[in-house]
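# Reading the structure
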Amino acid sequence: MRQIFPAAAAAPEIGAGQDAVAALAGLYAYPPDPQPWLRANMVTSVDGAGWLDGRTSGLSGAADRLVFSVLRSLADVILVGSGTARDEKYRPVKEAEVWPELREGRPPTPPIAVVTSGPGVDPDGPLLGTAGGSRTIVLTTAAAPDAWRAAVAARADVIVAGQDRVTPAAAMDALAGHGYPRILTEGGPTLLSQITAAGLLHDLCLTYSPVLEGGLAGRILTVGGGPAGGRPLRLAHVLEDHGFLLCRYLQPDS
């Protein structure tokens, strides 16, 4: 892996192991004391597909997976929509999946926080409970069925963050209020569209996979989530590895 933007003649290759983790942690560091900071991590094919054969893993590679683990290690919490959690078979993050040196002073693993306005999470599913990781958080509404909320609360931390809809602003405020200001969202497209439309996205980490998908899959943003409004972004860096381009974009004023 090598940094190709900003260009630096003396920039070393980003190799493997602890040196690579330290270098990536510096490149993707959150600002000190964010209040709060919402980052997205997504992958796309070169023709704009957000997944391949129904899963984002079909677009990933070794460098993308390394950055994925570093971003999870840096985050306080991982925010996902219930559809993505179901389709991508989310589980609590295990200690072996993150870098302990990046979590000093915090719990060993970041919790998964799932957004669902109704009973979109299986109370008996593998995402709930710790299973070697932090207890899952479910962000839901006051209108969700009482019996379902009670069943979920037996195995997860339930936060009511809206009357009949959990907005991105409510989700972000609720997580920051519970001590999770460094928020990493991994989608899906509807949630990311809602976050973008609300003007709440600070940071987009986007991997371009050297694959042509063919136009069957959707994009990383979906029309149903709300218009992005042509929001400009500032390119912070580009890494390259075997044809994969790993980009970090910031809001222009960040």
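Look up: the structure comes first, before these words.
The structure reproduced in this document is the subject of the present report.

The rules we used
Sequence order sets the numbering: in each chain, residues are counted from 1 along the sequence as written. A pLDDT threshold of at least 70 governs which residues receive local features in this predicted model, and a stricter bar of 80 or more applies before side-chain atom pairs are shown or counted, although totals over entire chains, interfaces and linings include all residues. Side-chain measures were taken over the full set of non-hydrogen atoms in the model, leaving aside hydrogen atoms and water. Starting at the N terminus, helices and strands are each numbered in turn, a helix being any DSSP run of H or I of at least four residues and a strand any DSSP run of E of at least two. Aromatic contacts are taken between Phe, Tyr and Trp rings whose centres are within 6.5 Å, Trp giving its six-membered ring; a plane angle under 30 degrees counts as stacked, one over 60 as edge-to-face, and the others as tilted. Here, a charge over a ring means that NZ of Lys or CZ of Arg falls within 6 Å of the ring centre while also lying within 35 degrees of the ring normal. Note on pairing: DSSP must find at least two bridges between two strands before they are called paired. Axis angles are defined between N-to-C directions and span 0 to 180 degrees, where every axis is a line fitted to C-alpha atoms and, for a helix, only to the segment in contact. In what follows, a contact means two residues having at least one pair of non-hydrogen atoms within 4.5 Å. Angle categories are assigned with fixed cut-offs, so that under 35 degrees is roughly parallel, over 145 is roughly antiparallel, 65 to 115 is roughly perpendicular, and the rest are oblique. Left-handed is the label given to a crossing in which the near helix is rotated counterclockwise from the far helix by less than a right angle, and right-handed is the label when the rotation is clockwise. In the scheme used here, Gly and all other residues not listed as nonpolar or charged are polar, with Ala, Val, Leu, Ile, Met, Phe, Trp, Tyr, Cys and Pro taken as nonpolar and Asp, Glu, Lys and Arg as charged. Residues with no salt bridge and a relative accessible area higher than 30% make up the patches, which join like charges within 9 Å and nonpolar side chains (Val, Leu, Ile, Met, Phe, Trp, Tyr) within 5 Å. Accessible surface area values rest on a Shrake-Rupley calculation with a 1.4 Å probe, where residue burial reflects the displayed protein chains alone. Should a side-chain nitrogen of Lys or Arg be within 4 Å of a carboxyl oxygen of Asp or Glu, the pair is scored as a salt bridge. A 1.4 Å probe rolled over the protein chains alone gives each residue an accessible area, and that area as a share of the maximum for its type sets the label: buried under 20%, exposed over 50%, partly exposed in between. This arc corresponds to the set of directions leading from the helix axis out to the C-beta atoms. Pairs of cysteine sulfur atoms within 2.5 Å are identified as disulfides in what follows. Whenever two N or O atoms come within 3.5 Å, that pair is a polar contact, provided that in protein one can donate a hydrogen and the other can accept it, and provided that, for residues adjacent in sequence, both atoms are side-chain atoms. Residues enter a nonpolar core if they are buried and are Ala, Val, Leu, Ile, Met, Phe, Trp, Tyr or Cys, with the set joined through side-chain atoms within 4.5 Å.

### Some thoughts on unusual backbone geometry
- Between Phe5 and Pro6 the backbone carries a cis peptide bond, its omega angle lying at -10°.
- If you check the backbone angles, Asp53 has positive phi at about 55° while not being a glycine.
- Along the chain, the position of Asp53 falls in the loop between strand 2 (37-45) and helix 2 (62-74).
- Its identity is not glycine, yet Lys89 carries a phi of approximately 55°, on the positive side.
- Tracing the sequence through the fold places Lys89 in the loop between helix 3 (82-87) and strand 4 (112-115).

### Brief notes about the packing of aromatic side chains
- Applying the stated rule across the entire model yields 0 aromatic pairs.
- Across from the ring centre of Tyr30, 4.3 Å away, lies the NZ or CZ of Arg39, which sits over that ring.

### Some details on the sheet that holds strand 4
- Ordered by their spatial adjacency, 10 strands build an open sheet running 1-9-10-8-2-7-3-4-5-6, and the pairing between neighbours is mixed. For this open sheet the edge positions go to strand 1 (2-5) and strand 6 (157-160), each flanked by a neighbour on one side alone. The average angle at which neighbouring strand axes cross in this sheet is 25°, direction not considered.
- Where strand 3 (residues 77-81) and strand 7 (residues 182-185) come together, 3 bridges link them in parallel fashion. Directly across from Leu79, in strand 7, lies its bridge partner Thr185.
- The strands touched by helix 5 (residues 168-177) are strand 2, strand 3, strand 4, strand 5 (137-140), strand 6 and strand 7; relative to strand 5, the strand with the most contacts, the crossing angle is about 140°.

### Here we look at the packing of helix 1 (residues 17-27) against helix 2
- Relative to each other, helix 1 and helix 2 sit at 60°, their axes nearing to 10 Å. In terms of axis orientation, helix 1 runs oblique to helix 2. Both helix 1 and helix 2 take part in a crossing whose hand is right-handed. For the pair helix 1 and helix 2, the contacting residues are Ala20, Val21, Leu24 and Ala25 in the first and Leu66, Val67, Val70 and Leu74 in the second.
- By residue class, the composition of the contact of helix 1 with helix 2 is 8 nonpolar, no polar and no charged.

### Comments concerning the environment of Asp19
- Along the polypeptide, Asp19 turns up in helix 1.
- Asp19 sits 23 residues away from Met42 along the chain, and the two C-alpha atoms are 24 Å apart.

### Some remarks on a nonpolar patch on the surface
- Together, Ile4, Phe5, Leu235 and Leu245 give the surface a local cluster of nonpolar side chains, amounting to about 270 Å² of exposed area.
- Inspection of the secondary structure assignment puts Ile4 in strand 1.

### Quick look at helix 1
- Taken together, the buried positions of helix 1 are Ala20, Val21, Leu24 and Ala25. When helix 1 is viewed along its axis, its buried side chains cluster within an angular range of 135° and face the same direction. Turned more than 90 degrees from where helix 1 packs its buried face, Asp19, Ala22 and Gly26 sit exposed.
- Buried positions along helix 1 lie against helix 2 and strand 9 (234-241).

### A closer look at the state of the cysteines
- The final tally for this structure, using the stated rule, is 0 disulfides.
- Cys247 forms no disulfide, and the closest cysteine sulfur to it belongs to Cys205, at a distance of 9.8 Å.

### With respect to the pattern of salt bridges
- Inspection of the entire model under this criterion finds 10 salt bridges.
- The closest approach of N and O atoms between Arg72 and Glu186, which form a salt bridge, is 2.9 Å. Highlighted residues: Arg72 in helix 2 and Glu186 in the loop between strand 7 and helix 6 (189-197), separated in sequence by 114 residues.
- Taking relative accessible area as the criterion, Glu186 reaches 8% and is therefore assigned buried.

### As for the environment of Gln3
- Along the chain, Gln3 turns up in strand 1.
- Owing to a relative accessible area of 24%, Gln3 belongs among the partly exposed residues under this scheme.
- As for Gln3 and His237, which are separated by 234 residues in sequence, their C-alpha atoms are 7.5 Å apart.
- Leave out the neighbours within four places in its chain, and Gln3 touches Leu27, Val238 and Leu239.
- At 3.0 Å, the side chain of Gln3 and the backbone oxygen of Pro6 are in polar contact.

### Side note on the nonpolar core
- Leu24, Tyr28 and Ile112 are the most contacted members of the largest nonpolar core, which has 39 residues in total.
- At the level of elements, helix 1, helix 2, strand 3, strand 4, helix 4 (146-153) and strand 10 (244-250) are the ones that each hand at least two residues to this core.
- For this core, the leading source of residues is helix 2, giving 6 residues.
- If sequence neighbours within four positions are ignored, Leu24 has contacts with Met1, Ile14, Leu66, Val67, Val70 and Leu239.
- With 28 residues, the next largest nonpolar core counts Val77, Ala113, Leu175 and Ile183 among its residues.

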